[in-house]
Amino acid sequence: MLIKLLKYDLKYMLKNMSVFYILSLFFAITTRLLSLPEQTIMLDILGKISSGCVIAMIANIVINTMMRSWIRFKESLYKDESYLTHTLPVTKSDIYNSKFIQTLIFFLIGFAVVLLSLFTAYYTPDAWTTIKEYIRTITIGFNMSTTFFVSIAVIVIFLELFNTIQCGFLGIILGYKRNSGKEGFSVLYGFIIYLVAQTLVLGLVFAYGLFDPTVMELFKTGTISIDVNAFKTLAIIASILYVVIILSMSVICKRVLRKGVNVE
């Protein structure tokens, strides 16, 4: 039954997100094509407009993946659609797991479309060389490999955004237990939970720093010249903590859901 739930959730997200994927790739292609011929003032203007649309669509992909995930969660559990959802022979855990997996899948798809759009629109050997040199300048300063730097940056950003969505899920669950002002309290609870999660990550990193002077030095120094091993340790610990918090919050969400749902 989890597979069937997930199928409907994926159809909903694909229906709402496909337009942004298509437009992002379309404007990426037009940006590339407009940069190929000999430039005139008109082509240059059209190219800049198309380039702006690429950036706008990329921002829309990220924002709408988050917003649509929250809307789908709310509609399935608390709005008109919830009357059907809660009559299905499925557990609250299956319902939540479907939303969790759906969000993860579309975040991965969104990241892939963003990267493909950027590559299509802006890749040139010279631009790629410039980017590599810029990243290499940073990584040489930190004395670390370029692959590690890029990989950990992408992972931390991905986990941070996914954690934000999860905070929104828990905020909705708690907000809709109220008798009134449910949407307002959902936003408030979600924001508070997000602040708590961020504080928890920072606090646990600080606690680790009590046993590792190199990490603690990051809290004390105001200079750019930091210990590279401390930076690597910090990035890895932060990633692990985000994973633990995301999984722990998932367990909390399912436990709260099992206590009952107030359908509107």
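Residues numbered from 1 in each chain as written. Predicted model: local features only at pLDDT ≥ 70, side-chain atom pairs only at ≥ 80, totals over all residues. Heavy atoms only, no water.

Participant: Even after reading the chapter, I still don't get the side chain of Thr30, so can you show me in this structure?
Facilitator: Along the polypeptide, Thr30 turns up in helix α1 (residues 2–34). Side chain to side chain, Thr30 and Ser50 meet in a polar contact 2.6 Å long. (Helix = DSSP H or I, 4+ residues; strand = E, 2+ residues; numbered from the N terminus. Polar contact = N/O pair within 3.5 Å; in protein donor to acceptor, adjacent residues only side chain to side chain.)

Participant: Looking at this model, I keep getting lost on the layout of surface pockets. Mind explaining?
Facilitator: In this approach the atoms are scanned with a rolling probe the size of a water molecule, which exposes any empty space left behind. Each pocket or cavity is described by its volume, and for the largest pocket that value is around 830 Å³. Taken together, 25 residues make up the lining of the largest pocket; nearest its centre are Leu115, Leu118, Trp128, Val150 and Val154. Sorting the residues of the lining of the largest pocket by element identifies α2 (41–78), α4 (92–122), α5 (125–142) and α6 (146–175) as the ones contributing at least two each. Examining the composition of the lining of the largest pocket, we find that eight residues originate from one element, α4, more than from any other. Per-class residue counts for the lining of the largest pocket are 20 nonpolar, three polar and two charged. The computed volume of the second largest pocket comes to approximately 370 Å³. Lining the second largest pocket are 15 residues, and of these Trp70, Gly168, Ile172, Ser186 and Val187 lie nearest its centre. Those elements that place two or more of their residues in the lining of the second largest pocket are α2, α6 and α7 (182–209). The dominant element in the lining of the second largest pocket, judged by the number of residues it contributes, is α7, at six residues. Grouping the constituent residues of the lining of the second largest pocket by class yields nine nonpolar, four polar and two charged. (1 Å grid on protein atoms, 1.4 Å probe; cavity = no way out; pocket = protein on both sides within 12 Å on 5 of 7 lines; lining within 4 Å. Points joined across faces, edges and corners; volume = space filled by probe spheres on them. Nonpolar A, V, L, I, M, F, W, Y, C, P; charged D, E, K, R; others polar.)

Participant: When you look at the pattern of salt bridges in this model, what are you seeing that I'm missing?
Facilitator: Two side chains carrying opposite charge are able to pair once their charged atoms lie near each other. Per the stated rule, a full pass over the model turns up three salt bridges. Notably, a salt bridge pairs Lys74 with Glu183, separated by 3.3 Å at the nearest N-O pair. With Lys74 in helix α2 and Glu183 in helix α7, this residue pair connects regions lying 109 residues apart in the sequence. Taking relative accessible area as the criterion, Glu183 reaches 43% and is therefore assigned partly exposed. (Salt bridge = Lys/Arg side-chain N within 4 Å of Asp/Glu carboxyl O. Buried < 20%, exposed > 50% of the residue type's maximum accessible area, 1.4 Å probe, protein only.)

Participant: Where do I start with the environment of Leu2 in this structure?
Facilitator: Structurally, Leu2 can be placed in helix α1. Put simply, Leu2 and Asn97 are 95 residues apart on the chain and 7.8 Å apart in space, counted from C-alpha to C-alpha. In contact with Leu2, not counting residues within four places along its chain, are Asp94, Asn97 and Ser98. (Contact = heavy atoms within 4.5 Å.)

Participant: Teacher, can you tell me more about the side chain of Lys74 here?
Facilitator: In terms of polar contacts, Lys74 uses its side chain to reach the side chain of Glu183, at 3.3 Å. When sequence neighbours within four positions are dropped, the list of residues in contact with Lys74 reads Lys79, Ile172, Tyr176 and Glu183.

Participant: So what exactly am I meant to see when it comes to the packing of α6 against α7 here?
Facilitator: Axes are the key here: two packed helices are described by the angle between their axes and the distance separating the axes. Between α6 and α7, whose axes approach to 7 Å, the crossing angle comes to 135 degrees. One finds that α6 runs oblique with respect to α7. Helix-helix and strand crossings are classified by hand; for α6 and α7 the assignment is right-handed. Judged by residue contacts, Glu160, Asn163, Thr164, Cys167, Leu170, Gly171, Ile172, Leu174 and Gly175 of α6 engage Lys182, Phe185, Ser186, Tyr189, Gly190, Ile193, Tyr194, Ala197 and Gln198 from α7. Its residues assigned to classes, the contact of α6 with α7 shows nine nonpolar, seven polar and two charged. (Axes fitted to C-alpha atoms, helices over the stretch in contact; angles between N-to-C directions. Parallel < 35°, antiparallel > 145°, perpendicular 65-115°, else oblique. Left-handed = near helix turned anticlockwise from the far one by under 90°.)

Keep in mind these numbers describe shape, not what the thing actually does.
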